[in-house]
Amino acid sequence: MSKYLVTGGAGYVGSVVAQHLLEAGHTVTVLDNLSTGFRAGVPAGVDFIEGDIRDAAKWLDASYDAVLHFAAFSQVGESVVKPEKYWDNNVGGTMALLAAMRTAGVRKLVFSSTAATYGEPVNTPITETDPTAPTSPYGASKLAVDHMISGEAAAHGLAAVSLRYFNVAGAYGSCGERHDPESHLIPLVLQVAQGRREAISVFGDDYPTPDGTCVRDYIHVADLAEAHLLALDAATAGEHLICNLGNGNGFSVREVIETVRTVTGHPIPEVTAPRRGGDPAVLVASAKTAADRLGWQPRRADLAGIVADAWAFAQSLDHTS
Ligand SMILES: NC(=O)c1ccc[n+]([C@@H]2O[C@H](COP(=O)([O-])OP(=O)(O)OC[C@H]3O[C@@H](n4cnc5c(N)ncnc54)[C@H](O)[C@@H]3O)[C@@H](O)[C@H]2O)c1
């Protein structure tokens, strides 16, 4: 059994991965400054440090076998108007974390990268060797970290895996999605079902897709978590492995809305709005590298099941506080 530091483990994905690590019998410490996460979101049984990744050197020591690094800002729109906030936290924070790992002798890292590193895709599905041309400071900050990690592996022998998530969705037990403001489609549509939002905006219905709305690859957060545990096993000293994580299937915005109608029984009014800049028509992953190198296969690809899990979590939250 191993001991892991999970940065950003009070957030959505980090908390689900922390829970999976615990269930596999590992010892887990979460380091989170609660800037967008929630203390109550940290799974029971995890040691919690309220602190910033820039100060990781205060807590990191050789007793840790690896770091799983989720802590970041991830609002694409905000990154366009406040790019410095993203460079500072995502890039500066990771630089400090890598330095602390080097000093402490912690030589394994799994990093949350993103489909946003690719920008407008040149191929569908997207493979890891496709060009990276991010269209937002958020995507650029994540790509910069990927480059930083490649250098750390080559120069200093770090064993590293970057997992490029496509659209993460669903929930796992008491851990689920709670962004504020929310920018992800499924929780936004669920807010309409809960009566917390009047209608869902569909940004563009004239894309070159079967129903004219954008197509995205939704991956269940528990499938994603399983990939992190496999990545810890696959990480090899001196190598930086990059793997896309998605189902390889796309669903359109209208298909998602229709699925939420079916799952919740709510009519979900929709309003068609103009396209947003920087939204590619289709973003679908090739997860062949994750299959070949990690032995990973998604097991929860059914969209209705993903939405049902997210719905159960949304209903479990107390929105009055
Ligand atoms: N959710 C998605 O669909 C998605 C897709 C692609 C990539 N990602 C990446 O996955 C990671 C997790 O995303 P999420 O949706 O769980 O986000 P989240 O906002 O729910 O979680 C991020 C956590 O990091 C913490 N944090 C931020 N800066 C910190 C710092 N300097 N020091 C300590 N803690 C800090 C926040 O308090 C929060 O708990 C992020 O790196 C994100 O870029 C997410």
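Residues numbered from 1 in each chain as written. Predicted model: local features only at pLDDT ≥ 70, side-chain atom pairs only at ≥ 80, totals over all residues. Heavy atoms only, no water.

S.K.: Even after reading the chapter, I still don't get the pattern of salt bridges, so can you show me in this structure?
M.R.: When the charged atoms of two side chains lie near each other, side chains of opposite charge can form a pair. A full pass over the atoms with the stated rule returns 17 salt bridges. Across the pair R164 and D146 runs a salt bridge, and its minimum N-O distance is 2.9 Å. With a gap of 18 residues between them, R164 in strand 6 (residues 159-165) and D146 in helix 4 (residues 137-156) connect regions that are remote in the sequence. Here R276 and D279 are joined by a salt bridge, their closest N and O atoms 3.0 Å apart. Exposure remark for R276: the relative accessible area of 44% places this residue in the partly exposed category. Ionic contacts of the salt-bridge type, sharing partners, join the residues D205, R254, E258, R261 and E270 into one network. (Salt bridge = Lys/Arg side-chain N within 4 Å of Asp/Glu carboxyl O. Helix = DSSP H or I, 4+ residues; strand = E, 2+ residues; numbered from the N terminus. Buried < 20%, exposed > 50% of the residue type's maximum accessible area, 1.4 Å probe, protein only.)

S.K.: Honestly, the UniProt feature "domain: NAD-dependent epimerase/dehydratase" (unreviewed entry) in the chain in this entry has me stumped. Any pointers?
M.R.: In the numbering used here, UniProt assigns the "domain: NAD-dependent epimerase/dehydratase" (unreviewed entry) feature to residues 5-243. Across residues 5-243, the secondary structure splits into 35% helix and 20% strand, with the terminal C-alpha atoms separated by 21 Å. (UniProt positions renumbered as here; feature names shortened; annotations may be inferred.)

S.K.: Explain the side chain of E152 here, please?
M.R.: Along the chain, E152 turns up in helix 4. When sequence neighbours within four positions are dropped, the list of residues in contact with E152 reads L98, R102, R107, G157 and L158. (Contact = heavy atoms within 4.5 Å.)

S.K.: Explain the packing of helix 3 (residues 83-104) against helix 4 here, please?
M.R.: To describe two helices that pack against each other, one gives the angle between their axes and the distance between the axes. Look at helix 3 against helix 4: their axes get within 9 Å of each other, and the N-to-C directions meet at 20°. In terms of axis orientation, helix 3 runs roughly parallel to helix 4. The interaxial crossing formed by helix 3 with helix 4 has right-handed handedness. In this structure, helix 3 uses P83, Y86, W87, N90, V91, T94, M95, L98 and R102 to contact helix 4, whose residues at the interface are P137, Y138, A140, S141, K142, A144, V145, M148, I149, E152 and H156. Of the residues belonging to the contact of helix 3 with helix 4, the class tally is 13 nonpolar, 4 polar and 3 charged. (Axes fitted to C-alpha atoms, helices over the stretch in contact; angles between N-to-C directions. Parallel < 35°, antiparallel > 145°, perpendicular 65-115°, else oblique. Left-handed = near helix turned anticlockwise from the far one by under 90°. Nonpolar A, V, L, I, M, F, W, Y, C, P; charged D, E, K, R; others polar.)

S.K.: Hey, could you run me through unusual backbone geometry in this one?
M.R.: Most peptide bonds take the trans configuration, and most residues that are not glycine carry a negative phi. With an omega of -5°, the peptide bond between T124 and P125 qualifies as cis. Tracing the chain through its elements places P125 in the loop between strand 5 (108-114) and helix 4. In this model, D180 is joined to P181 through a cis peptide bond whose omega is 5°. Within the secondary structure, P181 is located in the loop between strand 7 (167-169) and helix 5 (185-193). At L34, a position not held by glycine, the phi torsion is positive, near 60°. Positionally, L34 belongs in the loop between strand 2 (27-32) and strand 3 (47-50). The phi angle at I268 is positive, at roughly 50°, despite the residue not being glycine. Tracing the chain through its elements places I268 in the loop between helix 7 (253-264) and strand 13 (270-273).

S.K.: How do you make sense of the site of the ligand when you look at a structure like this?
M.R.: Close to the ligand lie 30 residues, the nearest being V13, D32, N89, Y138 and K142. A distance of 3.1 Å separates an oxygen atom of the ligand from a polar backbone atom of G11. The separation between an oxygen atom of the ligand and a polar main-chain atom of Y12 is 2.9 Å. Notes on the ligand: free accessible area 830 Å², of which the protein chains cover 96%. Where the shell around the ligand is concerned, the elements lending two or more residues are helix 1 (12-23), strand 5 and helix 4. With 3 residues, the single largest contributor to the shell around the ligand is strand 5. A per-class count over the shell around the ligand returns 12 nonpolar, 14 polar and 4 charged. (Near = heavy atom within 4 Å. Polar contact = N/O pair within 3.5 Å; in protein donor to acceptor, adjacent residues only side chain to side chain. Areas by Shrake-Rupley, 256 points an atom, 1.4 Å probe, with all protein chains shown as cover.)

S.K.: Honestly, the sheet that holds strand 2 in this entry has me stumped. Any pointers?
M.R.: The pairing of strands in a sheet comes from backbone hydrogen bonds and takes either a parallel or an antiparallel form. Strand order in the open sheet formed by 7 strands is 3-2-1-4-5-6-11, and the pairing between neighbours is parallel. Looking at which strands have only one partner, the edges of the open sheet turn out to be strand 3 and strand 11 (240-245). Taking the axes of each pair of neighbouring strands and ignoring which way they run, one obtains an average angle of 20° across the sheet. Two strands pair when backbone bridges link them, and strand 1 (residues 3-7) and strand 4 (residues 66-69) are joined in this way by 4 bridges, in the parallel orientation. Looking across to strand 4, one finds that T7 is bridged to H69. Along the sheet face, helix 1 touches strand 1, strand 2, strand 4 and strand 6 and points at about 165° away from the line of strand 2. Packing of helix 6 (residues 221-234) onto the sheet brings it into contact with strand 1, strand 4, strand 5, strand 6 and strand 11, and relative to strand 6 it is tilted by some 165°. (Pairing = 2+ DSSP bridges.)

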